[in-house]
Amino acid sequence: MKPFASVQRITGMFVFLLLFTGIAEGKPQSAFKPPPGSTERRQILGAMRHEISRLHRLDVVFVVSYLKVQEGWAWAETRPQSPDGRNRYEGVSALLRKSGGVWRIAELACSELDNPECLDSPDYFRKLKIRFPALPSAVLPPGSVSGGLGK
């Protein structure tokens, strides 16, 4: 195969993939769950791990209960534990935003019971959408924005 023909074939496949996925047409990305081991998932959980280490000086791994990503936004609900699995910690939920190719915590959800500003409040997700108007509802847990509880 001639080098030029190879470049043309690769370029053609790339253009096809762009059109097939809707990126070239500017279509919004659908909400998705990054699979275990994926770069996206490792980066999101890495940002959360860094924040937990900074706040609590704990080295943790996350058991993921819920994770959805769309258009540079992610919502994660996790159960942290020590790397050896012997110690388990209070659940951590977070809103993350990707900016400049880097995932950062936009908000760690408060988990205090009976606090109207925390995750268990029926208004938590509605207020979250007010604080972050560009946040796609599709990343949030089902029913959370329409009045359901966060958990």
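Rules used in this analysis
- Residues numbered from 1 in each chain as written.
- Predicted model: local features only at pLDDT ≥ 70, side-chain atom pairs only at ≥ 80, totals over all residues.
- Heavy atoms only, no water.
- Helix = DSSP H or I, 4+ residues; strand = E, 2+ residues; numbered from the N terminus.
- Buried < 20%, exposed > 50% of the residue type's maximum accessible area, 1.4 Å probe, protein only.
- Contact = heavy atoms within 4.5 Å.
- Pairing = 2+ DSSP bridges.
- Lys, Arg positive; Asp, Glu negative; His and termini not counted.
- Salt bridge = Lys/Arg side-chain N within 4 Å of Asp/Glu carboxyl O.
- Polar contact = N/O pair within 3.5 Å; in protein donor to acceptor, adjacent residues only side chain to side chain.
- Disulfide = S-S within 2.5 Å.
- 1 Å grid on protein atoms, 1.4 Å probe; cavity = no way out; pocket = protein on both sides within 12 Å on 5 of 7 lines; lining within 4 Å.
- Points joined across faces, edges and corners; volume = space filled by probe spheres on them.
- Nonpolar A, V, L, I, M, F, W, Y, C, P; charged D, E, K, R; others polar.

Caption draft 1: Local environment of the overall build of the protein. The helix and strand tally for the protein stands at three helices and four strands. Reading the helices (α) and strands (β) of the protein from amino to carboxyl end gives α-α-β-β-β-β-α. Across the 151 residues that make up the protein, the buried fraction comes to 33%. Taking all contacts inside the protein whose residues are at least 6 apart in sequence as the whole, residues at least 24 apart take part in 44%.

Caption draft 2: Here's a closer look at the pairing of strand β3 (residues 92-99). Strand direction decides the pairing type here: strand β2 (residues 73-81) and β3, joined by six bridges, are antiparallel. Residue pairing in the sheet places W75 in a bridge with L95 of β3. As judged from the six bridges shared by β3 and strand β4 (residues 102-108), these two strands associate in the antiparallel manner. When the sheet's bridge partners are listed, R97 is paired in β4 with R104. Counted along the chain from β3 to the antiparallel partner β4, the turn is two residues long, and its residue G100 has a positive phi close to 60 degrees.

Caption draft 3: Geometry of the side chain of K129. Position of K129 relative to the elements: it lies in helix α3 (residues 124-131). The charged side chain of K129 is buried without a salt bridge, its nearest counter-charge being E71 at 9.2 Å. There is a polar contact of 2.3 Å between the side chain of K129 and the backbone oxygen of L135.

Caption draft 4: Quick look at the state of the cysteines. Counted by the stated rule, this structure contains one disulfide. The partner cysteine of C110 in its disulfide is C118, sulfur to sulfur 1.7 Å. Taking the sign of the torsion about the S-S bond as the criterion, the disulfide between C110 and C118, at about 50 degrees, is right-handed. Classification of C118 as buried rests on a relative accessible area of 0%.

Caption draft 5: Inspection of the layout of surface pockets at higher detail. Taken as a whole, the largest pocket encloses approximately 230 Å³ of empty space. Lining the largest pocket are 14 residues, with I52, H56, E90, G91 and V92 positioned closest to its centre. Listing elements by their share of the lining of the largest pocket, those giving two or more residues are α2 (39-56) and β3. For the lining of the largest pocket, the element with the most residues is α2, which contributes three residues. Split by residue class, the lining of the largest pocket holds nine nonpolar, four polar and one charged.

The values are spatial; any link to function lies outside them.
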